[in-house]
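# A closer look at the structure
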Amino acid sequence: MAEPSSRRTQVGIVGAGPAGLVLGRLLDLQGIDSVILEARSREYVEKRVRAGVLEQGTVDLMQEMGVGDRMLAEGLVHHGIHLRFDRRDHHIAFDELTDGRGITIYGQQEVVKDLIAARLEADAPLHFEVEEVSLADLDSEQPLIRYRHEGEQRELRCDVIAGCDGFHGVCRETVPEGALRFHVRDYPFAWFGVLAEAPPSTEELIYCSSERGFALHSMRSPQLSRLYFQCDPDEKLEDWPDERIWEELHTRLEREDDWSLTEGPLVEKGITPMRAFVAEPMQYGRLYLAGDAVHIVPPTGAKGLNLAVSDVRVLAEALGRWFEGGDDSLLESYSDVCLRRVWRTQHFSWWMTWMLHRFPDDEDGFQAKLSRAQLEYVCSSKAAATTLAENYVGLSQVGSEA
Ligand code: FAS
Ligand code: PHB
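Before going into details, it helps to say that this report is about the structure given with it.

### A few points about helix 9 (residues 304-325)
- For helix 9, spanning 22 residues, the distance from its first C-alpha to its last is 32 Å, which sits close to the expected 32 Å at 1.5 Å a residue.
- Gly326 sits one or two positions beyond helix 9 and adopts a positive phi of about 75°.

Rendered as structure tokens:
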């Protein structure tokens, strides 16, 4: 068998989702070599419909990285959200509660497209459709990535490896058994998500708690609505014809006045399980895990993508200090620094989820009463509303974060 072709780089990055691509860009801007290896095709990753909300910090970083022009032109800047219950709306005004911070609606696939374009324009290595990725020598000073690409077996020697390959990737699985601790919560429901060719029926997102369960009216553009509703985790797409989907959304999102939800052709449907997951620590030897590869948050807080970006901001700064001046202090504390924000985000996502969803095992309605009390408190107290607002737009600092 032919010898595998081998080369080396400073940082081997597995995965070209938001985590891998932002890390690659941040390293490139510091003159640090990296190679990104992605299992899927470029077309697939640029079409994958996922997150939609960018925190202020993510928006600012996109601009600092020189990839924010299309986001600024096409993204929808929002200054608040609506909480809807008892068929009435309560506006949470982010700008008034957080010295002017807001969010931008800009699909994850658009972020991915912009970052891929910048990577290819910089002529930095990004290989799609790689196969059989495996890692070795993680506790050495020259960890190794083996993979197949274009029919050829290859080896990539690195100074460090960044595991940015998502929840189902290989990197976390490569860490020897017993070296990681896992924290898991599976929620007793999922989200049924649709993308509709219909102008949004609201200027800003509507998070709705109804007797039949949670519903969310989001969007992607003035022509595209993104909608979700809470469903059983074992729901099947084939049991939901378009008519039934719209009927459920109309029922849950109903408002006491003549507001109505505009329908349109459904161009994407999917069921996303609701789970919370954290692996600790987020590093092993010369492997650093980031994004969904090491944590999953329920999407109620719109945090998944933003948390992935927060991880790699820390990692890029740590690698810069180490390659530049040999200072490995931030690399040593990478996991501790990131986990403070990870757990703050887990708490906020859990808090939003229990406040807005119906729990199937809540026979005596005790949980529903607590959720209602919390909703009413958030809608009547500036202090409570500020808690939601500052977490939703993204905290600039968490605890004693460096
Ligand atoms: P990603 O999963 O995005 O990227 C990992 C990349 O690694 C993928 O491109 C994958 O193909 C690649 N990969 C995997 N295994 C590999 C291997 N062996 N070799 C090479 N490459 C490999 N978050 C929100 O905030 N709001 C939402 O509405 C929302 N909806 C979601 C819906 C779904 C179905 C899913 C799965 C997630 C959703 N999320 C949402 C969370 C999502 O946005 C993630 O937080 C975000 O994609 C995290 O980015 P990464 O960590 O880069 O992981
Ligand atoms: C989305 O637009 O996809 C979205 C918005 C807010 C969330 C989750 C998803 O909390």
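### Concerning helix 3 (residues 56-64)
- Listed as buried for helix 3 are Thr58, Val59, Leu61 and Met62. Looking straight down helix 3, one finds its buried side chains confined to an arc of 165°; they lie on one side.
- Tucked into the core, helix 3 has its buried residues touching helix 1 (18-29), strand 3 (53-55), helix 4 (69-74), strand 7 (103-105), helix 6 (108-121) and helix 9.
- Just downstream of helix 3 lies Gly66, where phi reads positive at about 75°.

### Considerations on the packing of aromatic side chains
- Scanning the model with the defined rule gives 17 aromatic pairs in all.
- Both rings, one in Phe167 and one in Phe277, keep their centres 5.1 Å apart while their planes meet at 85°; by these two values the pair is edge-to-face. You can see Phe167 sitting in the loop between strand 11 (152-163) and helix 7 (171-174) and its partner Phe277 sitting in strand 16 (residues 266-280), a full 110 residues away along the chain. Just as Phe167 is buried, Phe277 falls in that class too.
- Summarising the aromatic geometry, the rings of Phe192 and Trp240 are spaced 5.6 Å apart at their centres and angled 55° between planes, so their arrangement reads as tilted. In this pair, Phe192 sits in strand 12 (residues 181-196) while Trp240 sits in the loop between strand 15 (224-231) and helix 8 (242-253), placing the two residues 48 residues apart along the sequence.

### A closer look at the packing of helix 1 against helix 6
- The geometry of helix 1 relative to helix 6 is characterised by a closest axis approach of 10 Å and an angle of 35° between their N-to-C directions. Our pair here, helix 1 against helix 6, has a crossing hand that is left-handed. Across from Pro18, Leu21, Val22, Gly24 and Arg25 in helix 1, the residues of helix 6 making contact are Gln108, Val112, Leu115, Ile116, Ala118 and Arg119.
- Class assignment of the residues belonging to the contact of helix 1 with helix 6 gives a composition of 7 nonpolar, 2 polar and 2 charged.

### Concerning the nonpolar core
- Among the nonpolar cores identified, the biggest contains 75 residues, and Leu23, Leu135 and Ile145 are the most heavily contacted of them.
- For this core, the element with the most residues is helix 9, which contributes 11 residues.
- Grouped together as the second largest cluster of nonpolar side chains are 37 residues, Leu83, Ile92, Phe94 and Tyr392 included.

### What to know about unusual backbone geometry
- Omega for the peptide link from Glu280 to Pro281 comes to -10°, which places this bond in the cis form.
- With respect to the helices, strands and loops of the structure, Pro281 is situated in the loop between strand 16 and strand 17 (283-284).
- A positive phi angle, near 40°, is found at Asp99, a position not held by glycine.
- Take Asp99: it is sitting in the loop between helix 5 (94-97) and strand 7.
- Its identity as a non-glycine residue notwithstanding, Glu129 has a phi of 55°, on the positive side.
- Assignment of secondary structure puts Glu129 in the loop between strand 8 (126-127) and strand 9 (131-136).

### Quick notes on the sheet that holds strand 16
- Strand order in the open sheet formed by 8 strands is 6-5-13-14-15-12-16-19, with mixed pairing between adjacent strands. Taken across any chain shown, the strands that pair with only one partner, and hence form the sheet edges, are strand 6 (88-93) and strand 19 (295-296).
- Both strand 12 and strand 15 contribute to a ladder of 7 bridges, which runs antiparallel. Bridging from a neighbouring strand, Ala196 pairs with Ser225 of strand 15.

### Observations concerning the site of ligand 2
- Within the structure, ligand 2 sits among 15 residues, and Tyr207, Ser218, Arg220, Tyr228 and Pro299 are positioned closest to it.
- Tyr207 has a polar side-chain atom sitting 2.7 Å from an oxygen atom of ligand 2.
- Between ligand 2 and Thr300 there is a distance of 3.3 Å, counted from an oxygen atom to a backbone nitrogen or oxygen.
- Expressed as a share of its isolated accessible area of 280 Å², the protein-covered part of ligand 2 is 97%.

### Describing the sheet that holds strand 7
- Spatially, the 3 strands line up as an open sheet ordered 3-7-4, and their pairing is antiparallel. At either end of the open sheet lies a strand with only one pairing partner, and these are strand 3 and strand 4 (76-78). Neighbour-to-neighbour, the strand axes of this sheet turn through a mean angle of 30°, independent of strand direction.
- Pairing analysis gives 3 bridges linking strand 4 to strand 7, with the strands arranged antiparallel. From the neighbouring strand, Val77 faces strand 7, where its bridge partner is Thr104.

### Some remarks on the site of ligand 1
- Not every one of the 30 residues close to ligand 1 is listed here, only the nearest: Glu38, Arg48, Arg50, Gln108 and Asp292.
- Note that an oxygen atom of ligand 1 is positioned 2.8 Å from one of the side-chain N or O atoms of Arg50.
- The backbone of Lys303 places a nitrogen or oxygen atom 3.5 Å from an oxygen atom of ligand 1.
- Here ligand 1, which alone exposes 990 Å², has 84% of that area covered by the protein.
- Breaking the shell around ligand 1 down by element, the ones donating at least two residues are helix 1 and helix 9.
- Sort the elements by how many residues they give to the shell around ligand 1 and helix 9 lands first, with 3 residues.
- Here the shell around ligand 1 is built from residues that sort into 15 nonpolar, 8 polar and 7 charged.

The rules we used
- Residues numbered from 1 in each chain as written.
- Chains lettered and ligands numbered in written order.
- Predicted model: local features only at pLDDT ≥ 70, side-chain atom pairs only at ≥ 80, totals over all residues.
- Heavy atoms only, no water.
- Helix = DSSP H or I, 4+ residues; strand = E, 2+ residues; numbered from the N terminus.
- Expected span 1.5 Å × (residues − 1).
- Buried < 20%, exposed > 50% of the residue type's maximum accessible area, 1.4 Å probe, protein only.
- Arc of directions from axis to C-beta.
- Contact = heavy atoms within 4.5 Å.
- Phe/Tyr/Trp six-rings, centres within 6.5 Å; stacked < 30°, edge-to-face > 60°.
- Axes fitted to C-alpha atoms, helices over the stretch in contact; angles between N-to-C directions.
- Left-handed = near helix turned anticlockwise from the far one by under 90°.
- Nonpolar A, V, L, I, M, F, W, Y, C, P; charged D, E, K, R; others polar.
- Core = buried A, V, L, I, M, F, W, Y, C linked by side-chain atoms within 4.5 Å.
- Pairing = 2+ DSSP bridges.
- Near = heavy atom within 4 Å.
- Polar contact = N/O pair within 3.5 Å; in protein donor to acceptor, adjacent residues only side chain to side chain.
- Areas by Shrake-Rupley, 256 points an atom, 1.4 Å probe, with all protein chains shown as cover.

Everything listed is a geometric property; what it means functionally is a separate question.
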